[in-house]
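Examining the three-dimensional arrangement
Listed below, chain by chain, are the residues.
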Amino acid sequence: MGRVFVVTLEGKIYSCKHCGTHLALTEDIISKSFYCRRGKAYLFNKVVNVTIGEKEDRMMMTGMHTVADIFCVQCGSIIGWKYETAHEKSQKYKEGKSVLERYKISGPDGSNYWVNHESHIGVSDADDV
């Protein structure tokens with residue numbers, strides 16, 4: 001395996017909770033109204049230090065989307081997904097954006113989000129943005 005190059009962000013950042021690699025800035029949050037199988041998730045305009053998995057079609061709460069899982073470039077943990085294509089016209093704003101699952105990342109103040117056992121079960125997506 002070759003050398004891993006990572007981008008170091010400045011400001012209020014979200015990072016991988018497993019290895020601390022910088023992933024996104026708070027100013028790049030588009031919505032905090034998303035959910036994944038284990039709780040909250042945030043939609044970001046831009047994320048860094050990720051690798052992108054294979055594209056696949058998934059039926060989500062807001063319709064069919066083509067998405068790809070995203071992984072931390074440093075430790076390989078799955079941390080969310082990227083919207084490649086939205087099949088519904090009203091969901092096109094998500095294309096090219098990424099969702100980070102809150103329980104997989106540390107917040108700007110170093111806080112971790114713990115899984116709520118009463119959280120939404122099922123495939124993730126936002127109800128309202």
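Nothing here was measured: the structure is a model prediction, and the numbers come from that model.

In terms of helices and strands, the chain carries zero helices and 10 strands. A burial count over the chain gives 43% of its 129 residues as buried. Taking contacts inside the chain between residues at least 6 apart in sequence as the whole, the part at least 24 apart equals 49%. Counting every atom, the chain has about 7,300 Å² of accessible surface; 47% of that belongs to carbon and sulfur.

Okay, the packing of aromatic side chains next. Per the counting criterion, the structure on display carries three aromatic pairs. Seen from their ring centres, Tyr14 and Tyr42 are 5.8 Å apart, and the 85° between their planes marks the pair as edge-to-face. On the criterion of sequence distance, the pair formed by Tyr14 in strand 1 (residues 13-16) and Tyr42 in strand 4 (residues 39-44) is long-range, its members being 28 residues apart. Note on accessibility: Tyr14 and Tyr42 belong to one class, buried. Judged by centre distance (6.3 Å) and plane angle (80°), the ring pair of Trp81 and Tyr83 falls under edge-to-face. Comparing Trp81 with Tyr83, the two get one shared label, buried. What links up through ring pairs into an aromatic cluster is the set Tyr14, Tyr42 and Phe44.

What counts as what
Residues numbered from 1 in each chain as written. Predicted model: local features only at pLDDT ≥ 70, side-chain atom pairs only at ≥ 80, totals over all residues. Heavy atoms only, no water. Helix = DSSP H or I, 4+ residues; strand = E, 2+ residues; numbered from the N terminus. Buried < 20%, exposed > 50% of the residue type's maximum accessible area, 1.4 Å probe, protein only. Contact = heavy atoms within 4.5 Å. Areas by Shrake-Rupley, 256 points an atom, 1.4 Å probe, with all protein chains shown as cover. Phe/Tyr/Trp six-rings, centres within 6.5 Å; stacked < 30°, edge-to-face > 60°.

In short, shape yes, function no, at least from these values alone.
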